[in-house]
Amino acid sequence: MGKLMASAGKECITPPESMYPAPSFLPIEFEGVYQDLYVRALVLDNGQDKMALITYDAADMSRSADMCRALGEAYGFKKENLCFAATHSHEAPTFDNTHDGNIGDPEKMKWVMAYGDLVIAQTVKAVGAALDTMRPAKICYHTGESYVNVCRDEQFEDGTWGQGMDFTGPCDHTVALLQVRDLNDRIIAQWINFGVHGTCCYMQMDQEHKKFLMAGDLPGMTSAYLEERYQEDGAVFLWCSGAAANVNPIFGSDYYKYNHDKSHASVALGYEAWDRCEALAERHAVDIIKIMNSIQPEEFAEDIDFDVVERTVSLPGQKLVRKDGTAGMIIPGNHSIELDILDAEPQNLRLKLMVLTMKDVQNCFSAAGGYVRSENLSSANGDESASVTDIASQKADSSHAANPSQVALLSMNAELVAEIGMRLKEAVPFENLVIVTHAGERIGYLPDKSGYDRRTFAFYTSKVKDGVTEERITPVILEMCDELS
């Protein structure tokens, strides 16, 4: 244990106009800005070691090895003590040189690498700004709920599954906060974790409908609102996504019309989507403020320790191809397309478990965990009748008693469906588990067995075969927890 020193910094990563047009991982290019994009960094130092939590207003990220090398050379950070996460805003240009949408296009890849260099340089500046202003601090962990997200796996009247809204489906409404204050009680930074896609303004343009615009979507707008609210403190608000592969915001860039013949059709909102996104971000931010206001002084700790363990899990790969040999995107939910599911190269899921232990903390978590009813969580083998407690029974077998003063951050380079994330929270021997996704070179969607069998959106875009993710990663994660608990 050691006395906490902390600070935060942020730097703009909006590409300059000289780099326009700015390509997305989608088949579009940005030529304007609705809202600037940022890298945000929170640095914690206990006198023995230091760690950094870093978020990007970006759809996905890569070059994590380059990030680690740059921060190690500049400031002496150990790579295992760095936790990166993209917010998964779909209105941000790409610096992911491993994304399928970028590979194979030399000109696009040249831009991606140049923009990545800019992002790395700004990351170093943001962390440097934090290190230049380190001061004695205290930290707390607290949770609450926000209902701006919804399960997007909807079964339509024609029997197919696609992106819609299922308000009874698995969806974790938990907001997890790590709040850091100085000893004068001013907020230095707050790290926020919440499971939702950044797709309120998916592929939206300017009012003249001529240019695609860049923005941080719901995550970035939430951070901006909170930073404006607490500007007197100079606070930085970092936002990252939880297990949200099948979770969307309740406001999107379109809506469905449901027809009497059991078909449905998407209707685009146009520029109005930006206003709706800002309104939803304000709603989400106010939910967060209410959680902040419920934090009690005795929840803060000035002495912390942190430990890290890393693992890589190899998952069997798949590739979907049309039986007729035609090319093009396979539209999720279109069961008229006949597919072959071929074996492909294994996918390496990189897991990092960072455990923060806070000394002399009382009531360091909220009773409002945000879980939906257990009957909405299908088991790993797709048995709808199975309760989450069947999987959580593994926790009872652990020889370690849960320590409420410990917070475990589990990061991964993928998109995990909500139901797996919620079952993991029940299964691990930690009372406080926070799942961080989009942390590094993305390997795509990780559905469970039921999502694979139903042919949900996550199945059609998953690179992992047979929906075996949960059965492969759960034992590994439990071993990691036992090592640190």
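Up top is the structure these notes are about.
Just so it is clear, the structure is predicted and the values come from calculations on it, not from any experiment. For every chain, the first residue of the written sequence is number 1, and numbering continues from 1 onward in sequence order. For this predicted model, a pLDDT threshold of at least 70 governs which residues receive local features, and a threshold of 80 or more governs which side-chain atom pairs are given and counted, while totals over whole chains, interfaces and linings are taken from all residues. Values shown for side chains rest on all heavy atoms present in the structure; no hydrogens or waters enter the calculation.

## Let's talk about the overall build of the chain
Helix and strand content of the chain: nine helices and 23 strands. Only protein chains enter the area calculation, which uses a 1.4 Å probe; residues under 20% of their type maximum are buried, those over 50% are exposed, and those in between are partly exposed. Per-residue burial for the chain yields a buried fraction of 59% across its 485 residues. What makes two residues a contact is simply this: any of their non-hydrogen atoms within 4.5 Å. When contacts within the chain are restricted to residue pairs at least 6 apart in sequence, those whose partners lie at least 24 apart make up 79%. Of the roughly 19,100 Å² that the chain leaves accessible, carbon and sulfur atoms contribute 47%. The numbering of helices and of strands both runs from the N terminus, where a helix is a DSSP run of H or I of at least 4 residues and a strand a run of E of at least 2. Only the protein chains shown count as covering a residue, and every accessible area follows the Shrake-Rupley method with a 1.4 Å probe.

## Some remarks on the packing of aromatic side chains
Aromatic rings from Phe, Tyr and Trp, taking only the six-membered ring of Trp, are treated as a pair when their centres fall within 6.5 Å; an angle between ring planes under 30 degrees marks them as stacked, one over 60 as edge-to-face, and anything in between as tilted. Summed over the entire model, instances satisfying the criterion amount to 13 aromatic pairs. Following the ring pairs from residue to residue traces out a cluster consisting of Tyr 56, Phe 84, Phe 95, Trp 111 and Tyr 115. Above the face of the Tyr 452 ring, Arg 455 is positioned so that its terminal group lies 5.5 Å from the ring centre. When the ring centre of Phe 459 is taken as origin, the NZ or CZ atom of Arg 455, which lies over that ring, is 4.1 Å away. Our definition puts a charge over a ring when NZ of Lys or CZ of Arg is within 6 Å of the ring centre and also within 35 degrees of the ring normal.

## As for the packing of helix 1 (residues 64-75) against helix 2 (residues 106-132)
At their nearest, the axes of helix 1 and helix 2 sit 10 Å apart, and the two run at 40° to each other. Taken together, the axes of helix 1 and helix 2 are oblique relative to one another. Judged by the twist between their axes, the crossing of helix 1 over helix 2 is right-handed. Mapping the contact onto sequence places Asp 66, Met 67, Ala 70, Leu 71, Ala 74 and Tyr 75 in helix 1 and Val 119, Ile 120, Thr 123, Val 124, Val 127, Gly 128 and Leu 131 in helix 2. Here an angle of 0 to 180 degrees is reported between the N-to-C directions of two axes, which are lines fitted to C-alpha atoms, with helices fitted over the stretch in contact. Any angle between 65 and 115 degrees counts as roughly perpendicular, while under 35 counts as roughly parallel, over 145 as roughly antiparallel, and the rest as oblique. By definition, turning the near helix anticlockwise from the far helix through less than a right angle yields a left-handed crossing, and turning it clockwise yields a right-handed one.

## Here's the deal with the pairing of strand 10 (residues 161-166)
Side chains on a regular strand alternate between the two faces of the sheet. Here a strand pair is declared whenever DSSP counts at least two bridges between the two strands. Bridge analysis of strand 9 (residues 149-155) against strand 10 gives four bridges, and the strand direction is antiparallel. Residue pairing for strand 10: Asp 153 is matched across the bridge by Gln 163. Connecting strand 9 to the antiparallel partner strand 10 that follows it, the hairpin turn spans five residues, and Gly 159 within it adopts a positive phi of roughly 95°.

## Focus on the environment of Glu 441
Within the secondary structure, Glu 441 sits in the loop between strand 22 (433-436) and strand 23 (445-446). With 378 residues separating them in the primary sequence, Glu 441 and Arg 63 have C-alpha atoms 7.2 Å apart. Excluding anything up to four places from it in sequence, Glu 441 contacts Met 61, Ser 62, Arg 63, Ser 64, Thr 98, Arg 350 and Asn 413. A 3.5 Å cut-off defines polar contacts: any pair of N or O atoms within that distance qualifies, except that in protein one atom must be a possible hydrogen donor and the other a possible acceptor, and neighbouring residues in sequence count only when both atoms are side-chain atoms. There is a polar contact of 2.5 Å between the side chain of Glu 441 and the side chain of Arg 350.

## Structural notes on the pairing of strand 7 (residues 82-86)
Where burial is concerned, most of strand 7 is hidden: five out of the five residues are buried. What you see with strand 7 is no split at all: Leu 82, Phe 84 and Ala 86 on one side and Cys 83 and Ala 85 on the other are buried throughout. Note that strand 6 (residues 50-56) and strand 7 share five bridges and pair parallel. For Ala 52, the partnering residue across the bridge sits in strand 7 and is Leu 82. Note that the unit made of strand 6, helix 1 and strand 7 has a crossover that is right-handed. Here a crossover is taken to be right-handed if, once the strands point away from the viewer, the path from the first strand over the helix to the second is traced clockwise.

## What to know about the environment of Asp 305
Turning to its location among the elements, Asp 305 is positioned in strand 18 (residues 303-322). Of the residues examined, Asp 305 reaches a relative accessible area of 22% and is grouped as partly exposed. Between the alpha carbons of Asp 305 and Asp 49 there is a distance of 8.8 Å; along the sequence they are 256 residues apart.

## Quick word on the pattern of salt bridges
Whenever Lys or Arg places a side-chain nitrogen within 4 Å of a carboxyl oxygen from Asp or Glu, that contact is recorded as a salt bridge. One pass over the structure, following the stated rule, counts 25 salt bridges. We note a salt bridge from Arg 40 to Asp 57, for which the minimum N-O separation is 3.3 Å. Taken together, the residues Arg 40 in strand 5 (residues 38-45) and Asp 57 in the loop between strand 6 and helix 1 connect sequence positions 17 residues apart. Like Asp 57, Arg 40 is buried. Across the pair Asp 185 and Arg 181 runs a salt bridge whose closest N-O atoms are separated by 3.9 Å. Take Arg 181: its relative accessible area is 17%, and that puts it in the buried class. Sharing partners across several salt bridges, the network here consists of Lys 10, Arg 40, Asp 57 and Glu 227.

## Topic: the sheet that holds strand 9
The three strands lie next to each other as 10-9-15, forming an open sheet whose pairing is antiparallel. Lying at the two open borders of the sheet, with one neighbouring strand each, are strand 10 and strand 15 (247-249). Taking each pair of neighbouring strands and ignoring which way they run, the sheet shows an average axis angle of 50°. Relative to strand 15, strand 9 runs antiparallel, the two being bridged by three bridges.

## Examining the packing of helix 6 (residues 418-427) against helix 9 (residues 469-484)
Here helix 6 crosses helix 9 at 30°, and the two axes come no closer than 11 Å. Between helix 6 and helix 9, the interaxial angle falls into the category roughly parallel. The element helix 6 and its partner helix 9 pack so that their crossing is right-handed. Residues Ile 420, Arg 423, Leu 424 and Ala 427 of helix 6 form the contact with helix 9, whose own contacting residues are Glu 470, Ile 473, Thr 474, Ile 477 and Leu 478.

## Focus: the nonpolar core
Counting 38 residues, the largest nonpolar core has Ile 54, Tyr 56, Leu 71, Phe 84, Phe 95 and Tyr 115 as its most contacted members. Sorting the residues of this core by element identifies strand 5, strand 6, helix 1, strand 7, helix 2 and strand 13 (212-214) as the ones contributing at least two each. What is meant by a nonpolar core is a set of buried Ala, Val, Leu, Ile, Met, Phe, Trp, Tyr and Cys residues, joined one to another through side-chain atoms within 4.5 Å. Membership of the second largest hydrophobic core comes to 36 residues, among which are Val 417, Ile 420, Leu 433 and Val 464.

## Observations regarding the side chain of Asn 248
Residue position: Asn 248 is located in strand 15. Judged by its relative accessible area of 11%, Asn 248 is buried. Polar contacts involving the side chain of Asn 248 include one to the side chain of Arg 152, which spans 2.9 Å.

Don't take any of this as a statement about function, it's just geometry.
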